[in-house]
Amino acid sequence: QDECWSPKGVGQAQLLRHHRTGRSRFVFRPKSDTGVAASHYIEDRDGSCVIKQNANSKKCWNWSGLDLCGDSPKLQAFALKFDT
């Protein structure tokens, strides 16, 4: 796994829940693009989706998940920084 962060930009982060199945997922869409930069289901297995506050910032939170963007699903580390 790559040890450096790959910035996805500033944009809209959403938690979405499917109305029939009840499954929830995280989706990130950058302002500068119409595509999706990150998408994964929120699942409690294998230590994924355990959200922890970043050690260096009170505004930043880290977790990992199986990212569905790209050619094939890939376990990725995520970080989300809030303005407020």
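Read on for an overview of the structure. Just so you know, these numbers come straight off a predicted model, no measurement behind them.

Reading the values: the criteria
Residues numbered from 1 in each chain as written. Predicted model: local features only at pLDDT ≥ 70, side-chain atom pairs only at ≥ 80, totals over all residues. Heavy atoms only, no water. Helix = DSSP H or I, 4+ residues; strand = E, 2+ residues; numbered from the N terminus. Buried < 20%, exposed > 50% of the residue type's maximum accessible area, 1.4 Å probe, protein only. Contact = heavy atoms within 4.5 Å. Areas by Shrake-Rupley, 256 points an atom, 1.4 Å probe, with all protein chains shown as cover. Polar contact = N/O pair within 3.5 Å; in protein donor to acceptor, adjacent residues only side chain to side chain. Pairing = 2+ DSSP bridges. Salt bridge = Lys/Arg side-chain N within 4 Å of Asp/Glu carboxyl O.

1. Concerning the overall build of the protein
Stage number 1. The helix and strand inventory of the protein stands at 0 helices and 6 strands.
Stage number 2. Beginning at the N terminus, the succession of helices and strands in the protein can be written as β-β-β-β-β-β.
Stage number 3. Of all 84 residues assigned to the protein, the portion counted as buried reaches 21%.
Stage number 4. Across the protein, contacts joining residues at least 24 apart in sequence account for 21% of those joining residues at least 6 apart.
Stage number 5. For the protein, the accessible surface area stands at approximately 6,800 Å², while carbon and sulfur atoms represent 49% of it.

2. So, the side chain of Asn-54
Stage number 1. Note that Asn-54 resides in the loop between strand S4 (52-53) and strand S5 (60-67).
Stage number 2. In this structure the side chain of Asn-54 is engaged in a polar contact, spanning 3.4 Å, whose partner is the side chain of Asn-62.
Stage number 3. Not counting chain neighbours up to four residues away, the residues in contact with Asn-54 comprise Cys-60, Trp-61 and Asn-62.

3. Structural notes on the sheet that holds S4
Stage number 1. Read across the sheet, 3 strands follow the order S4-S5-S6 without closing on themselves; strand pairing throughout is antiparallel. Edge positions in the sheet fall to S4 and strand S6 (74-81), since each of these pairs with one other strand and no more.
Stage number 2. Direction of pairing for S5 relative to S6: antiparallel, over a ladder of 8 bridges. In the sheet register, Cys-60 faces S6, and the bridge partner there is Lys-81.

4. A look at the side chain of Asp-67
Stage number 1. Turning to its location among the elements, Asp-67 is positioned in strand S5.
Stage number 2. Side-chain polar atoms of Asp-67 contact the backbone nitrogen of Cys-69, separated by 3.3 Å.
Stage number 3. Those residues in contact with Asp-67 that sit more than four places away from it in its chain are Ala-37, Ala-38, Ser-39, His-40, Ser-72, Pro-73, Lys-74, Gln-76 and Phe-78.

5. Quick word on the pattern of salt bridges
Stage number 1. For the coordinates displayed, the defined rule picks out 1 salt bridge.
Stage number 2. Glu-43 is paired through a salt bridge with Arg-23; the nearest N and O atoms lie 2.9 Å apart. Remark: Arg-23 occurs in the loop between strand S1 (11-17) and strand S2 (24-30) and Glu-43 occurs in the loop between strand S3 (38-41) and S4; sequence separation between them is 20 residues.
Stage number 3. The exposure class of Arg-23 is partly exposed, given its relative accessible area of 40%.

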